[in-house]
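# An overview of the molecular structure
These are the residues of each chain, in order.
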Amino acid sequence: MPMLCGGTTEAKEADDEVQRICDEVKPHAEEKAGKKYEVFTAKSYKSQLVAGTNYFIKVHVGGDEFVHLRVYKMLPYAGEKLELHSLQMSKAHHDPIEYF
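Residues numbered from 1 in each chain as written. Predicted model: local features only at pLDDT ≥ 70, side-chain atom pairs only at ≥ 80, totals over all residues. Heavy atoms only, no water.

### Quick notes on the confidence of the model for the protein chain
Rules: Think of pLDDT as the predictor's per-residue confidence, scored from 0 to 100. Secondary structure elements are defined from DSSP: runs of H or I of at least 4 residues count as helices, runs of E of at least 2 residues count as strands, and each element is numbered from the N terminus.
Per-chain confidence: the protein chain averages 92 in pLDDT, with 94% of residues scoring 70 or above. Considering each helix and strand of the protein chain separately, the mean pLDDT is smallest for strand S2 (residues 41-50), with a value of 95, and largest for strand S4 (residues 65-73), with 97.

### Thoughts on the sheet that holds strand S5 (residues 82-91)
Condition: By definition, two strands form a pair when at least two bridges between them are found by DSSP. Contacts were defined at the residue level, with two residues in contact if any of their heavy atoms lie within 4.5 Å. A fitted line through C-alpha atoms serves as each axis, taken over the contacting stretch for helices, and the angle formed by two N-to-C directions is quoted from 0 to 180°.
Strand order in the open sheet made by the five strands is S1-S2-S3-S4-S5, with antiparallel pairing throughout. The open sheet terminates on both sides in strands that have one partner only, identified here as strand S1 (12-13) and S5. In this structure, strand S3 (residues 52-62) lies alongside S4, joined through nine bridges in antiparallel fashion. Residue lysine 58 lies in a different strand from S4, and its bridge partner there is histidine 68. Sheet strands touched by helix H1 (residues 16-33): S2, S3, S4 and S5. Its angle to S5, the strand with the most contacts, is close to 70°.

### Brief notes about the environment of glycine 62
We apply this condition: Burial classification: accessible surface area is computed with a 1.4 Å probe over protein chains only, and a residue below 20% of its type maximum counts as buried, one above 50% as exposed, and the rest as partly exposed.
Relative to the helices and strands, glycine 62 resides in strand S3. With a relative accessible area of 15%, glycine 62 lands in the buried category. The sequence separation of glycine 62 and glutamate 17 amounts to 45 residues, and the corresponding C-alpha distance is 21 Å.

### What about the side chain of histidine 60?
Structurally, histidine 60 can be placed in strand S3. For histidine 60, a relative accessible area of 18% puts it in the buried group. When residues no more than four places from it in sequence are discounted, the contact partners of histidine 60 are Val39, Phe40, Thr41, Lys43, Glu65 and Phe66.

### Describing the nonpolar core
Our working definition: Think of a nonpolar core as a cluster: buried Ala, Val, Leu, Ile, Met, Phe, Trp, Tyr and Cys residues, connected wherever their side-chain atoms sit within 4.5 Å.
Counting residues in each nonpolar core, the largest one holds 19 residues, and the members touching the most others are Cys22, Phe40, Ile57, Val59, Val67, Leu69 and Val71. If you list the elements that add at least two residues to this core, you get H1, S2, S3, S4 and S5. Here this core gets six residues from one element, more than from any other, and that element is H1. If sequence neighbours within four positions are ignored, isoleucine 57 has contacts with Val18, Ile21, Cys22, Ala42, Ser44, Tyr45, Val67, His68, Leu69 and Val71.

### Description of the packing of aromatic side chains
Under the convention used in this document: Two aromatic rings from Phe, Tyr or Trp, using only the six-membered ring of Trp, form a pair when their centres are within 6.5 Å; if the ring planes differ by under 30 degrees the pair is stacked, by over 60 it is edge-to-face, and anything between is tilted.
A full pass over the atoms with the stated rule returns four aromatic pairs. A ring pair is formed by tyrosine 45 and tyrosine 55, whose centres lie 6.1 Å apart and whose planes are at 45°; its orientation type is tilted. Within this pair, whereas tyrosine 45 is found in strand S2, its partner tyrosine 55 is found in strand S3, the two being separated by ten residues in sequence. Note on accessibility: tyrosine 45 and tyrosine 55 belong to one class, buried. Geometrically, the ring pair formed by phenylalanine 56 and phenylalanine 100 is edge-to-face, given 5.7 Å between the ring centres and 70° between the ring planes.

Below, the structure is given as structure tokens:
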């Protein structure tokens, strides 16, 4: 299914690229959450094409705990920099990834 500009894709299994994004923004997520995560494993994600790409990522952070990240990846001409836009805590494995 093609991605529509402005809409999010269906949820997909996280791949190596999405894990690299999580690894890069982990310190920022820990700062926003006010805690350190021993585990930070991307499980699934949705993406949204805007002037760059928004990633909505479900991340396992240990035990039965998950967080949802919203990460913005700038366009190539802007250096494809990553920015953690927001973080939702106290999520579970069964919680759907939604726009936030």
